[in-house]
Protein chains: 2
Amino acid sequence: MRILVTGADGFLGRGLVAALPNAYPDAERIVLTDRAFSATGSAAMEIVPGDLGDPDFIDRLVEPGFDLVFHLASIPGGLAESEQALGHRVNLIAPLGLANKVASQRPGATFVFASSIAVYGELGQKPVTVATGCRPLLTYGAHKLMTETLLSDMTRRGALSAVSLRFPGIVARPPTESGHGSAFMSKLFHAVRAGEAYDCPVPADSRCWWMSRAAAVRVLLHAAGRDHSWPSVIQPSVLHATIKDVADATSRVTGQASRVRFGSDLALQRIFGAMPALDAREATYLGFQADADLNMLATAALSGD
Amino acid sequence: MRILVTGADGFLGRGLVAALPNAYPDAERIVLTDRAFSATGSAAMEIVPGDLGDPDFIDRLVEPGFDLVFHLASIPGGLAESEQALGHRVNLIAPLGLANKVASQRPGATFVFASSIAVYGELGQKPVTVATGCRPLLTYGAHKLMTETLLSDMTRRGALSAVSLRFPGIVARPPTESGHGSAFMSKLFHAVRAGEAYDCPVPADSRCWWMSRAAAVRVLLHAAGRDHSWPSVIQPSVLHATIKDVADATSRVTGQASRVRFGSDLALQRIFGAMPALDAREATYLGFQADADLNMLATAALSGD
């Protein structure tokens, strides 16, 4: 099996790459791509840095053909909103070009796409399912939704066997990363572990959807086993909890007193902290799993980099 | 006001072009484009033939800047399904490029997009509204949906003031046109008027959504008056009637006995002839109107070319 990972040096990518050798011990080839790499890869994997916004790079990259592609590369939502041309190139044109090239080299290849709950837009109060109507409030979400639509159509006609995974903000991103509107959801964990005071911008009762990187990696690997009976868009299950409860769980598992002060940024709360319940029974039935509980979430969020 | 019409030599385009001088008597410029033109334009309009699948052509075409664009050009659904590369270029890449170029030359320009009810896919039994979930069954519908998503996002952030109109099959297309799966809906009118026997492929009780070209042109012109309070996707109202009732109405208004024999193509009926009710109250509230009744539909369908 020949495997390609894009965005391989990103937060989610590094977690997936670390898990690949165990998941695919007999892989013939594993190729990693990203704009640049902070670390050198292992001997078993090939590193091909480049710009997926450049169609010629995609052509060269995919020329050998791949049986399984994890497409994780994207410009984060906050940055894509201010840098529209960059977002258009990387978050829309690149996945369209990549999907077409993968399909032309290897019809029916498995294509796992890291989509986002940003596709939904304003969510209201009712439980969300994968069938909830989508009216994205950010260009980032619009591009993810357009890519989902293309991949579903390619899957319908057998060009690819694609699955789009609607991920929430994954925690805990390294404190150095920027461009994510949901950054506060990650900073919280680091601050509590360090015993530092943290001015969290949103109110204590802000209710978010939570997923650790370890859980997200399990979702990606499970999705790669897609068969033709699966839908092409999956809303994986998440933990639904207030930011105060997550801070408290982090305090418990780290043994540090929480010094989080909660704020009153209602605009930010509206986007990330007013999440209704999520009905992910379909994904659960297909074997996708969330973090087991808040303690496990906090532990997993603070493992790794 | 500077106005651009794409697909100006198509069935819907010719109807719109004929109505433009009355609708915009003071237009500074009206530019028509299509791959080729079957007729020469009037002195008041400029004809610029070309291929919207070519980004350089879009650049040249839109360089002067337009205040109002009617984007009607597309490859029909049946043809786009078999000619995937052509459909991708014309039905997806072209509208994305056109919308971006129009916005860059004239931010906030009005952009009226001829979308399609093909965005919905399988409809089930419940009344359809603009909020009904979309799972297109054809690449044509997927591309229309992706374009809607892009235009809605551009409208949200003020780059354009766009409106996507979900048109049903427009009747009665000239008998010479091909590529439309819904061709039987047009052939019916011509056959009854000519007093010819016609083997209609679908059963008599097939229930379709109907709109004459005259009604569609009124929808386009009304949409061009969009203000910022409007949603960016509109499901215009239609007539909901069986094909037998439409054949009978055509017989009444033409004075010809209907010699239509109905068939049993259930696959075709499933796509075009099993339409549930349409709840278009939102569009009606905004002033969009369907054909008044079946007699008016038949009369309008048989006027013009």
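Shown above is the structure to which this text applies.
Only a predicted model underlies this, so the values are computations on that prediction, with no experimental measurement involved.

All names here are of chain B. Here helix α6 (residues 183-194) spans 17 Å end to end across twelve residues, near enough to the 16 Å set by a 1.5 Å rise per residue. All buried positions along α6 are accounted for by F184, M185, S186, L188, F189, H190, A191 and V192. G195 occupies a position one or two residues after α6 and carries a positive phi of about 70°.

Our next topic: the interface of chain A and chain B. The partner chain B presents 22 residues to the 22 residues of chain A that form the contact. Of the roughly 1700 Å² buried at the junction of chain A and chain B (both faces included), carbon and sulfur atoms supply 61%. Its largest share of buried area at the contact with chain B, chain A owes to A:M146, A:T149 and A:R156, together 30% of the area lost on that side. Inspection of the chain A/chain B interface yields two salt bridges. Of the charged contacts, one joins B:E81 and A:R156 as a salt bridge, the two residues approaching to 2.9 Å between their closest N and O atoms. Here chain A is connected to chain B by 14 residue pairs in polar contact (both at pLDDT 80 or more). Secondary structure elements with two or more residues in the side of chain A that touches chain B: α4 (84-105) and α5 (139-156) of chain A. Broken down by element, the residue count for the side of chain A that touches chain B peaks at nine residues, all from α5(A). Here the side of chain A that touches chain B is built from residues that sort into eleven nonpolar, six polar and five charged.

A few words on the side chain of A:K101. Mapping A:K101 onto the fold places it in helix α4. Reaching out from A:K101, the side chain makes a polar contact with the side chain of A:E63 at a distance of 3.2 Å.

Now for the relation of the copies chain A and chain B. Overlaying chain A on chain B yields an RMSD of 0.0 Å, the required transformation being a rotation through 180° with an accompanying axial translation of 0.0 Å. The superposition operator between the copies reduces to a two-fold rotation axis. Across chain A, the smallest distance between a C-alpha and the rotation axis is recorded for A:M146, namely 2.5 Å. Interface overlap between copies: 100% of the residues of chain A at the interface are likewise at the interface in chain B, consistent with a symmetric, same-surface contact.

With that out of the way, let us pick up the packing of helix α2 (residues 55-62) of chain B against helix α4 (residues 84-105) of chain B. All names here are of chain B. Packing of α2 against α4 leaves a shortest axis separation of 10 Å and a crossing angle of 30°. With respect to α4, the element α2 is oriented roughly parallel. By crossing handedness, the relation of α2 to α4 is classed as right-handed. For the pair formed by α2 and α4, the contact residues are I58, D59 and V62 on the first element and A94, G97, L98, K101, V102 and Q105 on the second. Tallied by class, the residues present in the contact of α2 with α4 amount to five nonpolar, two polar and two charged.

Before going further, it helps to spend a moment on the environment of A:A216. All names here are of chain A. Counting through the fold element by element, A216 comes out in helix α7 (residues 213-223). Remark: the alpha-carbon pair of A216 and P49, spanning 167 residues in sequence, is separated by 24 Å. Excluding its chain neighbours within four sequence positions, the residues that come into contact with A216 are L12, F167, I170 and M211.

The next point concerns the side chain of B:S164. Of note, B:S164 is situated in strand β6 (residues 160-167). When near neighbours in sequence (up to four residues on either side) are disregarded, B:S164 contacts B:F113, B:S115, B:E148, B:L151, B:S232, B:V233 and B:I234.

On to the packing of aromatic side chains, then. Scanning all chains against the criterion turns up six aromatic pairs over all chains. Note on A:W230 and A:F288: the rings are 5.4 Å apart at their centroids and 65° apart in plane angle, and the pair reads as edge-to-face. Of this pair, A:W230 sits in the loop between α7 and β10 (233-234) while A:F288 is found in the loop between α10 (281-285) and α11 (294-301), placing the two residues 58 residues apart along the sequence. Summarising the burial analysis for this pair, A:W230 and A:F288 share the class buried. Consider the rings of B:F184 and B:F272, whose centres lie 6.3 Å apart with planes at 70°: the pair is edge-to-face. Of this pair, B:F184 sits in helix α6 while B:F272 sits in helix α9 (residues 266-272), and the two are 88 residues apart along the sequence. By relative accessible area, B:F184 is classed as buried at 3%.

Calculation notes
- Residues numbered from 1 in each chain as written.
- Chains lettered and ligands numbered in written order.
- Predicted model: local features only at pLDDT ≥ 70, side-chain atom pairs only at ≥ 80, totals over all residues.
- Heavy atoms only, no water.
- Helix = DSSP H or I, 4+ residues; strand = E, 2+ residues; numbered from the N terminus.
- Expected span 1.5 Å × (residues − 1).
- Buried < 20%, exposed > 50% of the residue type's maximum accessible area, 1.4 Å probe, protein only.
- Contact = heavy atoms within 4.5 Å.
- Buried area = accessible area lost by both parts, 1.4 Å probe.
- Salt bridge = Lys/Arg side-chain N within 4 Å of Asp/Glu carboxyl O.
- Polar contact = N/O pair within 3.5 Å; in protein donor to acceptor, adjacent residues only side chain to side chain.
- Nonpolar A, V, L, I, M, F, W, Y, C, P; charged D, E, K, R; others polar.
- Least-squares fit on C-alpha atoms with pLDDT ≥ 70 in both.
- Axes fitted to C-alpha atoms, helices over the stretch in contact; angles between N-to-C directions.
- Parallel < 35°, antiparallel > 145°, perpendicular 65-115°, else oblique.
- Left-handed = near helix turned anticlockwise from the far one by under 90°.
- Phe/Tyr/Trp six-rings, centres within 6.5 Å; stacked < 30°, edge-to-face > 60°.

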